[in-house]
Amino acid sequence: MESTDRLPYIGAAAAYRGTVMFDLAEEFEIGFFLSYYRNFSIPHIAQVLADTGEVHAQPSKRSMDTAIIMYELIEDGFDGARGRAIIDLLNRVHKGVKGTNEDFLYVLTTLLVVPIRFCDVYGRRDTTSDERNAATVFYAELAKRMRISHAFTSYDDAAEFLDDYERRFSAPSSEGAELMASTMSLFRERLPRPAARLAAPVLSVLFNDPQLSRSLGLPIPNRVMRASVHLGLRLRAAQLRRRRPRTRSRFNPGQAGSGVYPGGYGLDELGPRNRVS
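Report follows, based on the coordinates. (Residues numbered from 1 in each chain as written. Predicted model: local features only at pLDDT ≥ 70, side-chain atom pairs only at ≥ 80, totals over all residues. Heavy atoms only, no water.)

This part covers the overall build of the protein. Counting its secondary structure elements, the protein contains 13 helices and zero strands. Put simply, the protein runs from its N terminus to its C terminus through helices and strands in the order α-α-α-α-α-α-α-α-α-α-α-α-α. Whereas a compact globule of 277 residues would reach a radius of gyration of roughly 19 Å, the protein reaches 18 Å, a difference of no more than 12%. Projected onto its principal axes, the C-alpha coordinates of the protein cover approximately 60 × 45 × 40 Å. Surface accessibility of the protein: about 13800 Å² in total, with carbon and sulfur atoms responsible for 53%. In the protein, which carries 37 positive and 33 negative side-chain charges, the distance between the mean positions of the two groups comes to 6 Å. (Helix = DSSP H or I, 4+ residues; strand = E, 2+ residues; numbered from the N terminus. Rg over C-alpha atoms; globule rule 2.2 N^0.38 Å. Areas by Shrake-Rupley, 256 points an atom, 1.4 Å probe, with all protein chains shown as cover. Lys, Arg positive; Asp, Glu negative; His and termini not counted. Charge placed at Lys NZ, Arg CZ, Asp CG, Glu CD.)

This is the structure:
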């Protein structure tokens, strides 16, 4: 029988799944996408990502794999067969990767904090304290499974840690600029065609952080651009409020329809090929 000190994460994982897959699904899709870019703003993390060559060589696969890995884990939890396989994959992929415990915790914290902040500003509704707590327990458990120590104990602590880490380390770098150049097309594809040429300033508005924009080589948006993007996202949120939350998840494990895996994927296809054997 499982010890009682391990039980709380089971309920938290189920609650987090409901938020991500159903209640605020559209918002979390964008939030996860923003968290992916954020790592490029940290020069020593950007250096590690650039050294692997994967983002430059296969930007679509790298982005898609990151999304699939998270949704697989959220869908199956930590103790299902697919969830255990994902945890094993994450630990193998990160074995030998240069970085401190704090660096790995930062990357994990972007996945916790950035989507929730996006929901609270541009979502159909704010996240609740119960949803934030569930998300925090989920990522604290993920940190434990990945052998990342000193995980946050509250959402506010996690958010404070993220802000402090970026104040200390976010800065422009040639590697970060190159990673952004390699992946900007992925963001353009998510925008309506007329707005695609404005992808860089739109992304800068979404980050709403001049230091981060400078670190990523993005233009500081003017007042008109900020107002236009804010208006568009608020209108989008109003449309979402008129719809019922999803009752079926759009994520089907092993069957993600995309240009990267048009016929579906196996878990052994995820991640960089030279690190998963």
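This part takes up the nonpolar core. Within the largest apolar cluster, 80 residues are counted, with the highest numbers of intra-cluster contacts made by Tyr139 and Phe187. Top contributing element to this core by residue count: helix H7 (residues 101-122), with 11 residues. Once you skip the residues sitting within four places of it in the chain, Phe187 turns out to touch Phe33, Tyr37, Ala199, Val202, Leu203 and Leu206. (Core = buried A, V, L, I, M, F, W, Y, C linked by side-chain atoms within 4.5 Å. Buried < 20%, exposed > 50% of the residue type's maximum accessible area, 1.4 Å probe, protein only. Contact = heavy atoms within 4.5 Å.)

With that settled, the discussion passes to H7. Spanning 22 residues, H7 covers 32 Å between terminal C-alpha atoms, matching the ideal 32 Å at 1.5 Å per step. Of all the bends in H7, the greatest, near 30°, is centred on Thr109. (Expected span 1.5 Å × (residues − 1). Bend = angle between axes of the 7 residues up to and from the residue.)

Positive phi is not limited to glycine here, since Arg147 has a value of about 60°. Within the fold, Arg147 resides in the loop between helix H8 (129-145) and helix H9 (155-169). Even without being a glycine, Asn208 presents a positive backbone phi close to 50°. The residue Asn208 is located in the loop between helix H11 (199-207) and helix H12 (210-215) in this model.

Among the secondary structure elements, Ser63 is positioned in helix H5 (residues 59-76). According to the relative accessible area criterion, Ser63 is buried, its value standing at 14%. Other than its neighbours up to four places away in sequence, Ser63 contacts Phe33, Tyr36 and Leu186.

With that out of the way, let us pick up the packing of aromatic side chains. In the structure shown here, the tally under the stated rule is 19 aromatic pairs. A centroid spacing of 5.5 Å and a plane angle of 75° characterise the contact between Tyr16 and Tyr139, whose relative ring orientation is edge-to-face. With Tyr16 in helix H1 (residues 8-23) and Tyr139 in helix H8, this residue pair connects regions lying 123 residues apart in the sequence. A ring pair is formed by Phe118 and Tyr122, whose centres lie 5.4 Å apart and whose planes are at 50°; its orientation type is tilted. With a gap of four residues between them, Phe118 and Tyr122 both fall in helix H7, about one helical turn apart. Each member of the pair, Phe118 as well as Tyr122, is classed as buried. Linked through ring pairs, Tyr9, Tyr16, Phe28, Phe32, Tyr71, Phe78, Phe138, Tyr139 and Phe251 together constitute an aromatic cluster. A cation over an aromatic ring shows up here: Arg190 above the ring of Phe33, its NZ or CZ 4.7 Å from the ring centre. (Phe/Tyr/Trp six-rings, centres within 6.5 Å; stacked < 30°, edge-to-face > 60°. Lys NZ or Arg CZ within 6 Å of the ring centre and 35° of its normal.)

Next up on the list: the side chain of Thr127. By the element assignment, Thr127 lies in the loop between H7 and H8. Take Thr127: its relative accessible area is 7%, and that puts it in the buried class. In contact with Thr127, not counting residues within four places along its chain, are Leu24, Ile116, Cys119, Asp120 and Arg132.

Packing of H7 against H9 leaves a shortest axis separation of 9 Å and a crossing angle of 115°. The handedness of the crossing between H7 and H9 is left-handed. Together, Glu102, Asp103, Leu105, Tyr106, Thr109, Thr110, Leu112, Val113, Val114, Ile116 and Arg117 of H7 and Tyr155, Ala158, Ala159, Phe161, Leu162, Asp163, Tyr165, Glu166, Arg168 and Phe169 of H9 make up the contact between the two elements. Considering only residue class, the contact of H7 with H9 consists of 13 nonpolar, two polar and six charged. (Axes fitted to C-alpha atoms, helices over the stretch in contact; angles between N-to-C directions. Left-handed = near helix turned anticlockwise from the far one by under 90°. Nonpolar A, V, L, I, M, F, W, Y, C, P; charged D, E, K, R; others polar.)

On to helix H3 (residues 43-52), then. Within H3, the full set of buried residues consists of Ile45, Ala46, Leu49 and Ala50. Taken down its axis, H3 places every buried residue within 135° of arc, on the same side. In this structure, the buried side of H3 is in contact with helix H4 (54-57), H5, H7, H9 and helix H10 (174-188). Residue Gly53 follows H3 closely and has a positive phi angle near 80°. (Arc of directions from axis to C-beta.)

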